[in-house]
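Fold and geometry: a report
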Amino acid sequence: MSGVPASAAGGSSSAARRTGPRGTAGPAHGPGERTTPRGAAVERDAAERGTTERGTAERGATEGGAGGRGGKIAAAAVNQASLWNVANLLTMFRLLLVPVFVVLMLGNGGYDPAWRSFAWAAFAVAMFTDLFDGHLARTYNLVTDFGKIADPIADKAIMGAALVCLSALGDLPWWVTAVILGRELGITVLRFVVIRYGVIPASRGGKLKTLTQGIAVGMYVLALTGPLATLRFWVMAAAVVLTVATGLDYVKQAIVLRRRGIAERRAALKDASKESEA
């Protein structure tokens, strides 16, 4: 007999069971609790599930990054495809109408009322679409670099074709054609010259000029006689006056814009030199 109480001996045996094989403390089990093979299997399963979930999360993050890159590529493709929006299609259609108008205008010698009526229809469609393509582009965010370049070209192409045909047929003096086309081309060049200083906004006078020119040229395209022929003369006279007046206004705005831009640039250079000296 060792003289050690049984309870103490049992406590030592219990403590020994709770101590790992290398003296490390194992899981704290209460009285009567012990680690069974089933419990160990459950712990191993939980650890494996955690590893699997982390791997899945990492794969998801990788795939999400790839998906983000794919989304950017798809967005870029959509932006490239926006060239074929309805506003640009109307502009292209207007450009295609120019040779059609010339053929109809000069058909059968250029003085056949029926052919002139068809030519007027083509001209009217071109002017009508001109009112909508720009509005659609601004309203629905369809503005593209192609539209910025092609739209004014289409406008001047149909108007220039009509004026040249009318003067070639002897229906309109050549000086009228020269004044209108000279103003349009000159203002276009002026806009590109001063674009480094800012943009000259379209004025109400310019819009009224465009409308008056369209009405006047349309009336000359039709084979009108009598009072309507007299009326078209005065409408064209008003168009010429508005053409010259708005052209001079654009020149004035361009000069002011250029002077302001030069002054701002000089002030910026002076401020930059002062900062560098300080």
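This text gives an overview of the structure that appears in the document. (Residues numbered from 1 in each chain as written. Predicted model: local features only at pLDDT ≥ 70, side-chain atom pairs only at ≥ 80, totals over all residues. Heavy atoms only, no water.)

**Comments concerning the packing of aromatic side chains**
The geometry of two aromatic rings is summed up by the distance between their centres and the angle between their planes. What counts, and what does not: The rule is short: rings of Phe, Tyr and Trp, with Trp giving its six-membered ring, pair when the centres are within 6.5 Å, and they are stacked under 30 degrees, edge-to-face over 60, tilted in between. What counts as a helix is a DSSP run of H or I of at least four residues, what counts as a strand is a run of E of at least two, and both are numbered from the N terminus. When accessible area is computed with a 1.4 Å probe and restricted to protein chains, residues below 20% of their type maximum are described as buried, those above 50% as exposed, and intermediate ones as partly exposed.
Under the criterion given, the structure shown has 2 aromatic pairs. A ring pair is formed by Phe101 and Phe123, whose centres lie 5.9 Å apart and whose planes are at 45°; its orientation type is tilted. Taken as a pair, Phe101 in helix 3 (residues 86-106) and Phe123 in helix 4 (residues 113-139) lie far apart in primary sequence, 22 residues in all. In terms of burial, Phe101 and Phe123 fall into one category: buried. Aromatic side chains Phe233 and Trp234 sit 5.2 Å apart centroid to centroid with 80° between the ring planes, which places their arrangement in the edge-to-face category. Given the relative accessible area of 45%, Phe233 is considered partly exposed. Trp234 gets classed as exposed once you look at its relative accessible area, which sits at 57%.

**What to know about the pattern of salt bridges**
Inclusion rule: Whenever Lys or Arg places a side-chain nitrogen within 4 Å of a carboxyl oxygen from Asp or Glu, that contact is recorded as a salt bridge.
Summed over the entire model, instances satisfying the criterion amount to 6 salt bridges. Across the salt bridge formed by Asp130 and Arg94, the nearest N and O atoms sit 3.6 Å from each other. Taken together, the residues span a long stretch of sequence, with Asp130 in helix 4 and Arg94 in helix 3 at a distance of 36 residues. Neither Asp130 nor Arg94 differs from the other in exposure class; each is buried. Of the charged contacts, one joins Asp171 and Arg116 as a salt bridge, the two residues approaching to 2.8 Å between their closest N and O atoms. Of this pair, Asp171 sits in the loop between helix 5 (145-168) and helix 6 (174-194) while Arg116 sits in helix 4, and the two are 55 residues apart along the sequence. Sharing partners across several salt bridges, the network here consists of Arg94, Asp130, Asp151 and Asp155.

**So, unusual backbone geometry**
Here Asn108, not a glycine, exhibits a phi torsion of approximately 60°, which is positive. Note on placement: Asn108 falls in the loop between helix 3 and helix 4.

**Remarks on helix 5**
Filter applied, for reference: In this analysis, the expected span of each helix is defined as 1.5 Å times one less than the number of residues it contains.
Compared with an ideal rise of 1.5 Å per residue, which puts 24 residues at 34 Å, helix 5 spans 35 Å between its outermost C-alpha atoms and is within 8% of the ideal. Gly170 sits one or two positions beyond helix 5 and adopts a positive phi of about 85°.

**Things to note about the packing of helix 4 against helix 7 (residues 204-221)**
Put simply, the rule reads: Angular values range over 0 to 180 degrees, each being the angle between N-to-C directions of two axes fitted as lines to C-alpha atoms, with helices fitted over their stretch in contact. The scheme is simple: roughly parallel for angles under 35 degrees, roughly antiparallel for over 145, roughly perpendicular for 65 to 115, oblique for anything else. Left-handed describes a crossing whose near helix is turned anticlockwise from the far helix by less than a right angle; the clockwise case is right-handed. Note on definitions: a residue-residue contact is assigned when non-hydrogen atoms from the two residues lie within 4.5 Å. Under this grouping Gly is polar, as are all residues other than the nonpolar Ala, Val, Leu, Ile, Met, Phe, Trp, Tyr, Cys and Pro and the charged Asp, Glu, Lys and Arg.
Here helix 4 crosses helix 7 at 165°, and the two axes come no closer than 9 Å. As judged from the angle between their axes, helix 4 and helix 7 are roughly antiparallel. Relative to helix 7, helix 4 is oriented so that their crossing is left-handed. When helix 4 is examined against helix 7, the residues Arg116, Ala119, Trp120, Phe123 and Met127 are found in contact with a partner set consisting of Thr210, Gly214, Val217, Gly218, Tyr220 and Val221. Its residues placed into classes, the contact of helix 4 with helix 7 shows 7 nonpolar, 3 polar and 1 charged.

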